[in-house]
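The primary structure of each chain is shown beneath.
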Amino acid sequence: MKTLLLALTLAASVAASPSFAQAVSGFGGFKPLPEAGEQPDPSRVYQVIFDVSQGGPDDKVLKGLDRVARLANMLAAGGVDADHRQIVVVLHGAATLGVLSDAAWAARGKGDINPNSALIRALIAGGVQVRLCGQAMAGAGITPAELEPGVTVDLAALMTVIHHQQAGYALVVN
(Lines give C-alpha, C1' and ligand atoms only; values in the text may rest on other atoms or scores of the structure.)
Protein backbone atom coordinates (compact mmCIF):
# COMPACT_ATOMS: atom_id res chain seq x y z
CA MET A 1 0.00 0.00 0.00
CA LYS A 2 2.80 2.37 0.96
CA THR A 3 4.58 1.60 -2.34
CA LEU A 4 1.39 2.21 -4.32
CA LEU A 5 0.85 5.55 -2.58
CA LEU A 6 4.45 6.59 -3.31
CA ALA A 7 4.09 5.56 -6.95
CA LEU A 8 0.84 7.52 -7.32
CA THR A 9 2.37 10.60 -5.66
CA LEU A 10 5.41 10.42 -7.92
CA ALA A 11 3.24 9.96 -11.02
CA ALA A 12 1.11 12.96 -10.04
CA SER A 13 4.18 15.15 -9.49
CA VAL A 14 5.61 14.13 -12.87
CA ALA A 15 2.30 14.80 -14.63
CA ALA A 16 1.91 18.19 -12.89
CA SER A 17 5.47 19.30 -13.68
CA PRO A 18 6.69 20.60 -17.04
CA SER A 19 8.35 17.20 -17.58
CA PHE A 20 6.55 16.55 -20.81
CA ALA A 21 7.50 19.83 -22.52
CA GLN A 22 9.54 19.20 -25.64
CA ALA A 23 11.82 21.60 -27.46
CA VAL A 24 12.42 19.02 -30.21
CA SER A 25 9.19 17.20 -30.85
CA GLY A 26 9.38 13.51 -31.75
CA PHE A 27 13.07 13.02 -30.92
CA GLY A 28 15.41 12.98 -27.94
CA GLY A 29 13.28 10.88 -25.66
CA PHE A 30 14.21 10.53 -22.01
CA LYS A 31 12.74 9.34 -18.73
CA PRO A 32 12.00 12.14 -16.25
CA LEU A 33 13.56 11.39 -12.87
CA PRO A 34 12.29 14.18 -10.60
CA GLU A 35 14.02 12.72 -7.53
CA ALA A 36 17.47 12.51 -9.19
CA GLY A 37 20.22 15.03 -8.58
CA GLU A 38 21.50 17.62 -11.09
CA GLN A 39 18.15 18.74 -12.48
CA PRO A 40 17.90 21.60 -15.01
CA ASP A 41 18.03 25.06 -13.46
CA PRO A 42 15.58 27.47 -15.18
CA SER A 43 17.65 30.47 -14.05
CA ARG A 44 20.85 29.20 -15.69
CA VAL A 45 21.84 29.91 -19.31
CA TYR A 46 22.91 26.67 -20.96
CA GLN A 47 25.54 27.38 -23.63
CA VAL A 48 26.45 24.04 -25.17
CA ILE A 49 28.20 23.03 -28.38
CA PHE A 50 27.99 19.45 -29.62
CA ASP A 51 30.78 18.12 -31.84
CA VAL A 52 29.16 15.32 -33.86
CA SER A 53 31.52 13.34 -36.07
CA GLN A 54 30.29 9.76 -35.79
CA GLY A 55 28.16 8.36 -38.58
CA GLY A 56 25.78 5.47 -38.40
CA PRO A 57 23.59 3.20 -40.47
CA ASP A 58 21.93 4.92 -43.44
CA ASP A 59 18.48 3.97 -42.16
CA LYS A 60 18.86 5.35 -38.61
CA VAL A 61 19.03 8.79 -37.02
CA LEU A 62 22.55 9.77 -35.99
CA LYS A 63 22.95 9.08 -32.26
CA GLY A 64 24.84 12.35 -31.82
CA LEU A 65 21.94 14.37 -33.26
CA ASP A 66 19.41 12.56 -31.10
CA ARG A 67 21.58 13.35 -28.10
CA VAL A 68 21.31 17.06 -28.94
CA ALA A 69 17.51 16.70 -29.02
CA ARG A 70 17.60 14.85 -25.68
CA LEU A 71 19.44 17.71 -23.96
CA ALA A 72 17.09 20.31 -25.46
CA ASN A 73 14.08 18.29 -24.30
CA MET A 74 15.46 17.69 -20.80
CA LEU A 75 16.08 21.41 -20.42
CA ALA A 76 12.62 22.33 -21.72
CA ALA A 77 10.99 19.73 -19.46
CA GLY A 78 12.91 21.22 -16.55
CA GLY A 79 11.47 24.66 -17.19
CA VAL A 80 14.46 26.14 -19.04
CA ASP A 81 12.98 28.52 -21.62
CA ALA A 82 14.26 28.94 -25.18
CA ASP A 83 16.25 32.08 -24.30
CA HIS A 84 18.22 30.08 -21.74
CA ARG A 85 18.94 27.20 -24.17
CA GLN A 86 21.81 28.22 -26.44
CA ILE A 87 22.64 24.98 -28.19
CA VAL A 88 24.83 24.56 -31.27
CA VAL A 89 25.70 21.34 -33.08
CA VAL A 90 28.46 21.10 -35.67
CA LEU A 91 28.70 18.03 -37.87
CA HIS A 92 31.80 16.75 -39.65
CA GLY A 93 33.62 13.52 -40.41
CA ALA A 94 31.39 10.48 -40.82
CA ALA A 95 28.35 12.55 -39.73
CA THR A 96 28.69 15.00 -42.66
CA LEU A 97 26.12 13.35 -44.94
CA GLY A 98 23.52 13.52 -42.16
CA VAL A 99 22.66 17.12 -43.15
CA LEU A 100 21.70 16.27 -46.74
CA SER A 101 18.18 17.06 -47.92
CA ASP A 102 16.00 14.08 -48.78
CA ALA A 103 16.53 14.73 -52.51
CA ALA A 104 20.32 14.85 -52.14
CA TRP A 105 20.24 11.74 -49.94
CA ALA A 106 18.24 9.87 -52.59
CA ALA A 107 20.50 11.15 -55.40
CA ARG A 108 23.46 9.56 -53.59
CA GLY A 109 21.64 6.22 -53.54
CA LYS A 110 21.22 6.12 -49.77
CA GLY A 111 17.45 5.67 -49.74
CA ASP A 112 14.35 7.76 -50.40
CA ILE A 113 14.47 9.80 -47.18
CA ASN A 114 17.38 10.93 -45.05
CA PRO A 115 16.47 9.62 -41.58
CA ASN A 116 18.07 12.77 -40.12
CA SER A 117 16.18 15.41 -42.12
CA ALA A 118 13.08 15.49 -39.90
CA LEU A 119 15.29 15.64 -36.81
CA ILE A 120 17.34 18.50 -38.28
CA ARG A 121 14.14 20.43 -39.04
CA ALA A 122 12.89 19.77 -35.50
CA LEU A 123 16.21 20.86 -33.97
CA ILE A 124 16.17 24.11 -35.93
CA ALA A 125 12.51 24.70 -35.02
CA GLY A 126 13.49 24.08 -31.38
CA GLY A 127 16.12 26.84 -31.51
CA VAL A 128 19.21 24.69 -32.03
CA GLN A 129 21.81 26.01 -34.48
CA VAL A 130 22.80 23.22 -36.89
CA ARG A 131 26.17 23.81 -38.55
CA LEU A 132 28.31 21.88 -40.99
CA CYS A 133 32.08 21.85 -41.33
CA GLY A 134 32.85 23.43 -44.70
CA GLN A 135 36.00 21.34 -45.05
CA ALA A 136 34.04 18.13 -44.58
CA MET A 137 31.40 19.42 -47.00
CA ALA A 138 34.04 20.10 -49.66
CA GLY A 139 35.72 16.75 -49.03
CA ALA A 140 32.40 14.93 -49.52
CA GLY A 141 31.61 16.90 -52.68
CA ILE A 142 28.47 18.44 -51.19
CA THR A 143 27.10 21.72 -52.49
CA PRO A 144 25.12 24.17 -50.33
CA ALA A 145 22.01 23.43 -52.43
CA GLU A 146 22.10 19.82 -51.22
CA LEU A 147 21.77 20.74 -47.54
CA GLU A 148 18.64 20.56 -45.44
CA PRO A 149 17.31 24.16 -45.26
CA GLY A 150 18.52 26.04 -42.20
CA VAL A 151 21.90 24.31 -41.93
CA THR A 152 24.76 26.83 -41.72
CA VAL A 153 28.15 26.14 -43.29
CA ASP A 154 31.21 27.21 -41.30
CA LEU A 155 34.81 27.27 -42.51
CA ALA A 156 35.70 24.31 -40.32
CA ALA A 157 34.34 22.43 -37.32
CA LEU A 158 37.63 23.30 -35.60
CA MET A 159 36.85 27.02 -35.83
CA THR A 160 33.27 26.55 -34.68
CA VAL A 161 34.28 24.53 -31.62
CA ILE A 162 37.19 26.82 -30.69
CA HIS A 163 35.14 30.01 -31.02
CA HIS A 164 32.25 28.65 -28.98
CA GLN A 165 34.49 27.26 -26.26
CA GLN A 166 36.27 30.60 -26.02
CA ALA A 167 32.85 32.23 -25.66
CA GLY A 168 32.06 30.00 -22.67
CA TYR A 169 30.14 27.13 -24.30
CA ALA A 170 30.49 23.66 -22.79
CA LEU A 171 31.71 21.09 -25.30
CA VAL A 172 29.96 17.74 -25.67
CA VAL A 173 31.66 15.26 -28.01
CA ASN A 174 29.91 12.17 -29.29
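As recorded in an unreviewed UniProt entry, the protein goes by the name DsrE family protein, listed as coming from Brevundimonas fontaquae.

*Asks:* What is the right way to look at the pattern of salt bridges in this model?
*Replies:* Any two side chains of opposite charge can pair, given that their charged atoms come close. Within this structure, the stated rule accounts for 5 salt bridges. Where arginine 70 meets aspartate 66, a salt bridge forms, and the shortest distance between an N and an O atom there is 3.2 Å. Of this pair, arginine 70 and aspartate 66 both sit in helix H2 (residues 63-77), 4 residues apart, which is roughly one turn of that helix. Under the relative-accessibility criterion, arginine 70 is labelled partly exposed at 29%. Here arginine 131 and aspartate 154 are joined by a salt bridge, their closest N and O atoms 3.2 Å apart. Placement of arginine 131 in strand S3 (residues 129-133) and of aspartate 154 in strand S4 (residues 152-154) is noted, with a sequence separation of 23 residues between them. For the pair arginine 131 and aspartate 154, a shared accessibility class is recorded, and that class is buried.

*Asks:* Is there a simple way to explain the packing of H2 against helix H4 (residues 117-125) in this structure?
*Replies:* Think of two packed helices as two axes; the pair is described by the angle between the axes and how far apart they sit. Interhelical geometry of H2 versus H4 gives an angle of 30 degrees and a closest axis separation of 11 Å. Taken as axis vectors, H2 and H4 run roughly parallel relative to one another. Between H2 and H4 the crossing geometry is left-handed. Here Leu65, Asp66, Val68 and Ala69 of H2 lie close against H4, whose contacting residues are Leu119, Ile120 and Leu123. Looking at the contact of H2 with H4 residue by residue, the class counts come to 6 nonpolar, no polar and 1 charged.

*Asks:* Sorry, what's going on with the sheet that holds S3 here?
*Replies:* Strand pairing in a sheet relies on backbone hydrogen bonds. The paired strands run either parallel or antiparallel. The strand order S4-S3-S2-S1-S5 describes an open sheet built from 5 strands, whose pairing is parallel. Looking at strand neighbours, the two that pair on one side only are S4 and strand S5 (170-173), the edges of this open sheet. Across this sheet, the average inter-strand angle for adjacent strands is 25 degrees, counted without regard to direction. The pairing of S3 with S4 spans 3 bridges and is classified as parallel. Bridge assignment links leucine 132 to a residue of S4, and that residue is valine 153. Running at roughly 180 degrees to strand S2 (residues 85-91), H2 makes contact with strand S1 (46-52), S2 and S5 of the sheet.

*Asks:* Could you clarify how one ought to interpret the packing of aromatic side chains in this entry?
*Replies:* Scanning the entire structure with this criterion turns up 0 aromatic pairs. Over the aromatic face of tryptophan 105 sits the side chain of lysine 110, whose NZ or CZ is 5.6 Å from the ring centroid.

Scoring rules and cut-offs
- Residues numbered from 1 in each chain as written.
- Predicted model: local features only at pLDDT ≥ 70, side-chain atom pairs only at ≥ 80, totals over all residues.
- Heavy atoms only, no water.
- Salt bridge = Lys/Arg side-chain N within 4 Å of Asp/Glu carboxyl O.
- Helix = DSSP H or I, 4+ residues; strand = E, 2+ residues; numbered from the N terminus.
- Buried < 20%, exposed > 50% of the residue type's maximum accessible area, 1.4 Å probe, protein only.
- Axes fitted to C-alpha atoms, helices over the stretch in contact; angles between N-to-C directions.
- Parallel < 35°, antiparallel > 145°, perpendicular 65-115°, else oblique.
- Left-handed = near helix turned anticlockwise from the far one by under 90°.
- Contact = heavy atoms within 4.5 Å.
- Nonpolar A, V, L, I, M, F, W, Y, C, P; charged D, E, K, R; others polar.
- Pairing = 2+ DSSP bridges.
- Phe/Tyr/Trp six-rings, centres within 6.5 Å; stacked < 30°, edge-to-face > 60°.
- Lys NZ or Arg CZ within 6 Å of the ring centre and 35° of its normal.

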